[in-house]
Amino acid sequence: MVVLKGISVSAQNTINTQFILVQKDDKLSKEGQEETCLALVADNTASVHFLLWGTECDAFDPGDIIRLTNGIFSYQNNLLVLRAGRRGKTEKVGEFTLTFVETPNMSEIRWVRDPNNPRKFVQDVVLSPYSRIFPPQP
């Protein structure tokens, strides 16, 4: 499993991680036929915006510990979010017993293509004064 601080922007379904749901937007919006809601999730290294789809919106509440398998960290409607996507899976594995931090927020960092490898993205600048860029973990 990867820690949130170790994720990078990619449309590939490869992110396996675990985090606590810190805050969930009560407002639901329509994406095609399914409802979505935005949440803030975190682990002991970073936080990130997490997009919940359809039944996930009602299935999880703040304090829930969630395991994400085959997730995606990419842009959805101009928001940089972590999400399960079509092939990913989310499941509740506990509640209220996970140490977490809220900074850096990986969704508030601007990512640019790596000049040495255009298929990869690297951190550029922080979009929020509340987040800080940390060197990527090996």
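Keep in mind that what you see is a predicted model, and the values were worked out from it rather than measured.

Rules behind the numbers
Residues numbered from 1 in each chain as written. Predicted model: local features only at pLDDT ≥ 70, side-chain atom pairs only at ≥ 80, totals over all residues. Heavy atoms only, no water. Helix = DSSP H or I, 4+ residues; strand = E, 2+ residues; numbered from the N terminus. Buried < 20%, exposed > 50% of the residue type's maximum accessible area, 1.4 Å probe, protein only. Contact = heavy atoms within 4.5 Å. Salt bridge = Lys/Arg side-chain N within 4 Å of Asp/Glu carboxyl O. Lys, Arg positive; Asp, Glu negative; His and termini not counted. Polar contact = N/O pair within 3.5 Å; in protein donor to acceptor, adjacent residues only side chain to side chain. Core = buried A, V, L, I, M, F, W, Y, C linked by side-chain atoms within 4.5 Å. Pairing = 2+ DSSP bridges.

**Q** Please provide a residue-by-residue account of the overall build of the protein chain, values included.
**A** Helix and strand counts for the protein chain stand at one helix and nine strands. Each helix and strand of the protein chain, placed in order from N terminus to C terminus, yields the pattern β-β-β-β-α-β-β-β-β-β. Across the 138 residues in the protein chain, those meeting the buried criterion constitute 41%. Sequence separation of at least 24 residues holds for 57% of the intrachain contacts in the protein chain that already meet a minimum separation of 6.

**Q** How would you explain the pattern of salt bridges if you had to name every residue and give the values?
**A** Throughout the structure, instances matching the rule amount to four salt bridges. Here E91 and R67 are joined by a salt bridge, their closest N and O atoms 4.0 Å apart. Of this pair, E91 sits in strand β7 (residues 89-95) while R67 is found in strand β5 (residues 64-76), placing the two residues 24 residues apart along the sequence. Here the residues in one salt-bridge network are D64, K92 and E95, joined through shared partners.

**Q** Now, about the side chain of S47: what can you tell me, with residues and values included?
**A** With respect to the element layout, S47 can be found in strand β4 (residues 47-53). If we skip the residues at most four places from it in the chain, S47 touches L4, L40, V41, A42, V101, E102, P104, N105 and M106.

**Q** Any details on the side chain of D43? Residues and values, ideally.
**A** Tracing the chain through its elements places D43 in the loop between β3 (34-42) and β4. For D43, which is buried and forms no salt bridge, the nearest opposite charge comes from K5, at a distance of 9.1 Å. Here L4 takes part through its backbone nitrogen, which lies 2.8 Å from a polar atom of the side chain of D43. Among the polar contacts made by the side chain of D43, one reaches the side chain of T45 at a distance of 2.7 Å. Setting aside its immediate chain neighbours within four residues, D43 contacts V3, L4, Q18, T99, F100 and V101.

**Q** Could you give an account of unusual backbone geometry, naming the residues involved and the relevant values?
**A** The phi dihedral of N70 falls on the positive side, at around 60°, and the residue is not glycine. Along the chain, N70 falls in strand β5.

**Q** Hey, could you go over the nonpolar core for me, with residue numbers and the actual values?
**A** With 24 residues, the main nonpolar core has F19, V48, L52, F73, L82 and M106 as its most contacted residues. Where this core is concerned, the elements lending two or more residues are β1 (10-24), β3, β4, β5, β6 (79-83) and β8 (109-114). Excluding residues that lie within four positions of it along the chain, L82 makes contacts with L4, I15, T17, F19, V48, H49, F50, L51, L68, I72 and F73.

**Q** Describe in detail the pairing of β6, supporting the description with residues and values.
**A** The element β6 is largely enclosed, with a buried count of four among its five residues. When β4 meets β6, the two strands line up parallel, connected through two bridges. Bridging across to β6, L51 finds its partner in R83.

**Q** An account of the pairing of β3 is needed here, citing residue identities and associated values.
**A** Of the pairings in the sheet, the one linking β3 to β4 comprises seven bridges and is antiparallel in character. Bridge pairing links L38 to L51 in β4. The antiparallel hairpin formed by β3 and β4 contains four residues in its connecting segment.

**Q** Residues and numbers for the environment of L51, please.
**A** Relative to the helices and strands, L51 resides in strand β4. By relative accessible area, which is 8% here, L51 ends up buried. For the pair formed by L51 and G85, sequence separation is 34 residues and the distance between their alpha carbons is 9.2 Å.

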